[in-house]
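This is what each chain is made of:
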Amino acid sequence: MNFDIASDSLRLLESTFSRNCHVFEKVEEGPAFFIYRVQREDAPRCWFEVFQRRVYPERTIAGKLIPASEAYPSDASFGVWAWTYPHIETARWRAGQIKPHRSTIQDSAP
């Protein structure tokens, strides 16, 4: 099943958010990828997480309807469809290697 990533019903990834004492800020995106700058709240050093754009389908969990949404990778995704780099240049290089995931390719059939 494929989704229209321009759809109003699709929950998009946040541009900036905090989690586990880290601040995540989207710095670039393309049809097939995202790049986020990640920084600990208490340190000046940052790194970049680059990952394939993926969409989870709408689903029902414990009786609650969860809308289709863009996916941020879990820890287990790193090295598979997500990578960490210390410099934006290498993150951009990796982003250029990423092919669109089947969940983001629009159906051409009516």
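Residues numbered from 1 in each chain as written. Predicted model: local features only at pLDDT ≥ 70, side-chain atom pairs only at ≥ 80, totals over all residues. Heavy atoms only, no water.

J.: How should the overall build of the protein chain be read in this particular structure?
T.: Tallying secondary structure elements over the protein chain gives one helix and nine strands in all. Secondary structure elements of the protein chain, listed N to C terminal, follow the sequence β-β-β-β-β-β-β-β-β-α. Counting every position in the protein chain, which comprises 110 residues, the buried fraction comes to 37%. Summarising the internal contacts of the protein chain: among those between residues at least 6 apart in sequence, 46% fall at separations of at least 24. Per element, the accessible surface of the protein chain, about 7100 Å² overall, is 53% carbon and sulfur. (Helix = DSSP H or I, 4+ residues; strand = E, 2+ residues; numbered from the N terminus. Buried < 20%, exposed > 50% of the residue type's maximum accessible area, 1.4 Å probe, protein only. Contact = heavy atoms within 4.5 Å. Areas by Shrake-Rupley, 256 points an atom, 1.4 Å probe, with all protein chains shown as cover.)

J.: How do you make sense of the pairing of strand S1 (residues 16-19) when you look at a structure like this?
T.: When a strand is regular, its side chains alternate between the sheet's two faces. Direction of pairing for S1 relative to strand S2 (residues 22-29): antiparallel, over a ladder of four bridges. In the sheet register, Thr-16 faces S2, and the bridge partner there is Glu-25. Hairpin connection between S1 and S2: a loop of two residues separates the two successive antiparallel strands, and Asn-20 in this loop has a positive phi of roughly 50 degrees. (Pairing = 2+ DSSP bridges.)

J.: Sorry if this is basic, but what is going on with unusual backbone geometry here?
T.: With glycine set apart, most residues show a phi of negative sign, and most peptide bonds adopt trans. For Cys-21, which is not a glycine, the phi torsion comes out positive at approximately 65 degrees. Along the chain, Cys-21 falls in the loop between S1 and S2. Classification of Cys-21 by relative accessible area gives partly exposed; the value is 44%. Phi angles above zero are rare outside glycine, and Ala-62 is one such case at about 50 degrees. Examined against the element boundaries, Ala-62 turns out to sit in the loop between strand S6 (59-61) and strand S7 (64-66).

J.: Can you walk me through the side chain of Ser-103 in this structure?
T.: Mapping Ser-103 onto the fold places it in the segment after helix H1 (88-97). A polar contact is formed between the side chain of Ser-103 and the backbone nitrogen of Val-55, at a distance of 2.9 Å. One polar contact links Ser-103 to His-101, side chain to side chain, over a distance of 2.8 Å. (Polar contact = N/O pair within 3.5 Å; in protein donor to acceptor, adjacent residues only side chain to side chain.)

J.: Can you help me understand the nonpolar core in this one?
T.: The nonpolar side chains of a soluble globular protein tend to be buried with one another. Membership of the largest hydrophobic core is limited to 12 residues, which are Leu-13, Phe-17, Phe-24, Phe-34, Tyr-36, Val-38, Trp-47, Phe-51, Ala-71, Tyr-72, Trp-81 and Ala-82. Within the residue set of this core, elements represented by two or more residues are strand S3 (33-40) and strand S4 (46-52). Per-element accounting of this core gives the leading share, three residues, to S3. With near-sequence residues (within four places) excluded, Phe-17 lies in contact with His-22, Val-23, Phe-24, Tyr-36 and Tyr-72. (Core = buried A, V, L, I, M, F, W, Y, C linked by side-chain atoms within 4.5 Å.)

J.: So what exactly am I meant to see when it comes to the confidence of the model for the protein chain here?
T.: A residue-level look at the protein chain finds 88% of positions with pLDDT of 70 or above and a mean pLDDT of 89. The low-confidence segment residues 1-5, where pLDDT is below 50, has 19 contacts with residues more than four positions distant or belonging to other chains. (pLDDT = per-residue confidence, 0-100.)

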